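# An overview of the molecular structure
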Amino acid sequence: MSAGIASTLLAAWERCLLQTDTERALTLLVMLDTELSETTLRSLPLGQRNGRLLALRERLFGARMASLAACPNCAETLELNLNVADLQLPPPAEAPLVLVQDGFRIQLRLPDSRDLLHIQTLADVDAARRTLFARCCVEVLASGEPVIPETVPEVLIASAEALLAAADPQADISLDLNCPSCRHAWLAAFDIAGYLWREIQAWAQRLFNDVHLLARAYGWSEADILAMSPLRRQCYLERVRQ
Ligand SMILES: [Zn+2]
């Protein structure tokens, strides 16, 4: 990791501290994935957002990701060696998302970060689901006549959720796991935003320890120490620890 990226990442860590998961994922991309504008990042379907988070993770910490999972059958702990490339899916086809069921014809769009930011304040899970559905409705017709999304029955909302999930599989990354002890097979959710944030927190704590030791030993400023390559920093740390 270059000194410039380390300094930006530390600033991003500070900004993320008091944010929600959705806000954090956006902050990290806005500050560290500068290929796209903030407006574009906010309106990326969640699968593409996760794809960019995976790519960012690879740039910051490499392609290999270690993780743990507990077998839901026998509670055995599995050590997972994941690779960014294995979790990257090609972007979904740009086909119109249309649900035709029970006399309704509903045209949908994929949910994005703006939608998650909007519903994160709703305490009621059911209200959040219905609001998300309504926001993702482009057009709702009942017997050919336009109606508001709030009139759509629950069974169709469930169908719409299934349609959207199938159209953007990377929005909810799941891992195909097998327990070596009891042979149980299951799908485990993998939250790249949460995973990356925990790594950044651990990285920031290690960096603070290093800066603390070097500043105390040599009187250097935080900026001086951050500007140093990790290799040089390590050389001085070894001497401080002798
Ligand atoms: Zn098991």
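These remarks concern the structure in this document. All values derive from a computational prediction rather than experimental measurement.

Another aspect to go through is the coordination of the zinc ion. Looking at the zinc ion, one finds its protein donor set to be Cys 71 (SG), Cys 74 (SG), Cys 179 (SG) and Cys 182 (SG), positioned 2.3 to 2.4 Å from the metal centre. Around the zinc ion, the four donor atoms are arranged such that angles at the metal cover 106 to 113 degrees; this shape is classified as tetrahedral. Spacing between the donor residues of the zinc ion along their common chain follows C-x2-C-x104-C-x2-C. By relative accessible area, which is 1% here, Cys 179 ends up buried. Judged by relative accessible area, Cys 182 falls into the partly exposed class, the value being 28%.

A separate point is the environment of Phe 208. Here Phe 208 is to be found in helix α9 (residues 192-218). The partly exposed category is assigned to Phe 208, whose relative accessible area is 27%. Linking Phe 208 and Leu 10, residues 198 residues apart in sequence, is a C-alpha distance of 9.8 Å. Those residues within four positions of Phe 208 in sequence are excluded, and the remaining contacts are Leu 10, Trp 13 and Glu 222.

Cut-offs used in this document
- Residues numbered from 1 in each chain as written.
- Predicted model: local features only at pLDDT ≥ 70, side-chain atom pairs only at ≥ 80, totals over all residues.
- Heavy atoms only, no water.
- Donors = N, O, S within 2.8 Å, 3.2 Å for Na, K, Ca; no water.
- Tetrahedral: all angles 85-135°; square planar, octahedral: opposite > 155°, others 65-115°.
- Buried < 20%, exposed > 50% of the residue type's maximum accessible area, 1.4 Å probe, protein only.
- Helix = DSSP H or I, 4+ residues; strand = E, 2+ residues; numbered from the N terminus.
- Contact = heavy atoms within 4.5 Å.

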